[in-house]
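# Chains, contacts and geometry: an overview
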Amino acid sequence: MENITLSQIGIYNTQRVTDAQSKALFIARHRQFETIMNSLKESVPDDCPQHHLIVAQRGMGKTTMLKRIEVELKTSPWNERYMPVLFPEEQYNIQDLSSFWLNTIDALADLMEMYHDYNTVEEIDNVVKNLERILNADERASEAYKFIQLFSGKCKKRLVLLVDNLNIIFSRLSRDEQHTMRALMSENGAPIIVGASPIMINELMNYDAPFYDSFRIQLLEKLSLDEISAIIINLAELTGSDEIKNALNKYTSRIKSLYQLAGGNPRTAVILFRLLSRGFSPDINDDLEALLDDLTPVYKGKL
């Protein structure tokens, strides 16, 4: 692929990259990616779905993983069996199960618009308007899910719902709604959920919880120094920054020190690459402060 620029490399909004860029930038986490893809490969259209949950701290690559799975499922031969539905990273408008299904339908409309299937987009818009007229939330949720399954049957493709921050969604559902969703998600031919969460979700871990043992957990641990270096080298190649490879060898000890202080976080690797592209400071403390400054939004988000 053609070289990419620094501004095209996402630090926080990794979903905005193109499909080609997503493939090129995906260097780490291949083992977890292959585990999920192999599970999808083994699945058949009408079996009981195996759902997956990616758990890791912020910046560890959850959103990047979801984007990479979406890109793969849009290519042949995957796209003959599956239709990936990538949700926006934040879904704070979810209040109950019906709003989750309505968000799913909205995501389907966005997907059809991307394929320039405007007739289907118009059909989905009309369905949403009719659903919004249903005052009873349980009935609205039921009818919305029926449409989702009808849509899947019409396309002859199984939906794979790629849902970031699944912990927030589960926390918005009542206990009864969680049980309802678990029942639906356990039916043969139901959509497959590949979710991500910065924390382990209680609704999955407690023995008496509605979603207990319904998700296969994929933990994203911190990357090794070699993996961090591989990401930086890959970014240098993609941006045509050959001089950064030389800087990587020149400042090996400093990168090791920053790695020990900042941890094996893929987001940190991208920020380290930006530091290298600007040039390290004579004082490592200045580089550490610059790294912390770039990570300020993460800490503010935690607070």
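Up top is the structure.
So, here's what we can say about the structure. Here the residue numbers are simple positions, counted from 1 along each chain's written sequence. Per-residue local features are limited, in this predicted model, to residues with pLDDT of at least 70; the limit for side-chain atom pairs, both in listing and counting, is 80 or more; totals at the level of whole chains, interfaces and linings are taken over all residues. Computation of side-chain values: all heavy atoms of the structure, hydrogens and water removed.

Looking now at helix H10 (residues 225-238). In a regular helix each residue adds 1.5 Å, so 14 residues correspond to 20 Å; H10 covers 20 Å between its end C-alpha atoms and thus fits that length. Of the residues making up H10, those classed as buried are Ile228, Ser229, Ile231, Ile232, Asn234, Leu235, Ala236 and Leu238. The positive-phi residue at the C-terminal boundary of H10 is Gly240, with phi of around 70°. Think of it this way: any DSSP run of H or I at least four residues long counts as a helix, any run of E at least two long counts as a strand, and we number them from the N terminus. Residue count minus one, scaled by 1.5 Å, sets the expected span of a helix. Only protein chains enter the calculation, and the probe is 1.4 Å; a residue is then buried if its accessible area is under 20% of its type maximum, exposed if over 50%, and partly exposed in between.

Let us look at the pairing of strand S1 (residues 51-55). Working note: regular strand, side chains alternate between the two faces of the sheet. With respect to burial, S1 is a largely interior element, five of its five residues being buried. Of the two faces of S1, the one holding His51, Leu53 and Val55 and the one holding His52 and Ile54 are both buried throughout. Pairing between strands is defined by DSSP: at least two bridges between them are needed. Taken together, the five bridges between S1 and strand S5 (residues 215-219) define a ladder with parallel strand orientation. Across the sheet, Ile54 pairs through a bridge with Gln218, a residue of S5. Across four bridges, the pairing between S1 and strand S4 (residues 192-197) is parallel. Following the sheet pairing, Ile54 is matched in S4 by Ala196.

It is worth spelling out the pattern of salt bridges at this point. Opposite charge on two side chains lets them pair, provided their charged atoms get close. Take a side-chain nitrogen of Lys or Arg and a carboxyl oxygen of Asp or Glu: if they are within 4 Å of each other, that pair is a salt bridge. Enumeration over the complete set of coordinates arrives at eight salt bridges. For the salt bridge of Asp19 with Lys67, the shortest nitrogen-to-oxygen distance reads 3.7 Å. Note that Asp19 is positioned in helix H1 (residues 19-25) and Lys67 in helix H3 (residues 62-73), a separation of 48 residues in sequence. We classify Asp19 as partly exposed; its relative accessible area is 30%. The partner of Glu72 in a salt bridge is Arg68, with the nearest N and O atoms 3.0 Å apart. Of this pair, Glu72 and Arg68 are both found in helix H3, four residues apart, which corresponds to roughly one turn of the helix. In terms of burial, Glu72 and Arg68 fall into one category: buried. Via salt bridges that share partners, Asp19, Lys67, Glu70 and Lys74 belong to a single interconnected network.

Attention now goes to the sheet that holds S4. The sheet built from five strands is open, its strands ordered S2-S3-S4-S1-S5 with parallel pairing. In this open sheet, the two strands that pair with only one neighbour each are strand S2 (82-86) and S5. When the angles between neighbouring strand axes are averaged without regard to direction, this sheet yields 15°. An axis is simply a line fitted to the C-alpha atoms; with a helix, the fit covers only the stretch in contact. Between two such axes, the angle follows the N-to-C directions and lies from 0 to 180 degrees.

So, on to the packing of aromatic side chains. Each Phe, Tyr or Trp ring, with Trp reduced to its six-membered ring, pairs with another whose centre is within 6.5 Å; inter-plane angles below 30 degrees give stacked pairs, above 60 give edge-to-face pairs, and intermediate values give tilted ones. With the rule as written, the count across this model stands at nine aromatic pairs. Geometrically, the ring pair formed by Phe100 and Trp101 is tilted, given 5.1 Å between the ring centres and 55° between the ring planes. Centroid distance Trp101 to Tyr145: 4.8 Å. Interplanar angle 50°. Geometry classified as tilted. Placement of Trp101 in helix H4 (residues 97-114) and of Tyr145 in helix H6 (residues 137-155) is noted, with a sequence separation of 44 residues between them. The exposure classification of Trp101 matches that of Tyr145, with both residues buried. By way of ring pairs, the aromatic residues Phe87, Phe100, Trp101 and Tyr145 are connected into one cluster.

Between H4 and H6, the shortest axis-to-axis distance is 8 Å and the interhelical angle comes to 30°. Taken together, the axis directions place H4 and H6 in an arrangement best described as roughly parallel. For H4 against H6, the interelement crossing comes out left-handed. Mapping the contact onto sequence places Leu97, Ser98, Trp101, Leu102, Thr104, Ile105, Leu108 and Met112 in H4 and Ala137, Arg140, Ala141, Ala144, Tyr145, Phe147, Ile148 and Phe151 in H6. Any angle from 65 to 115 degrees is called roughly perpendicular, while one under 35 is roughly parallel, one over 145 is roughly antiparallel, and all others are oblique. A clockwise turn of the near helix away from the far one marks a right-handed crossing, whereas an anticlockwise turn of less than a right angle marks a left-handed crossing. The contact criterion used is simple: two residues touch if any of their non-hydrogen atoms lie within 4.5 Å.

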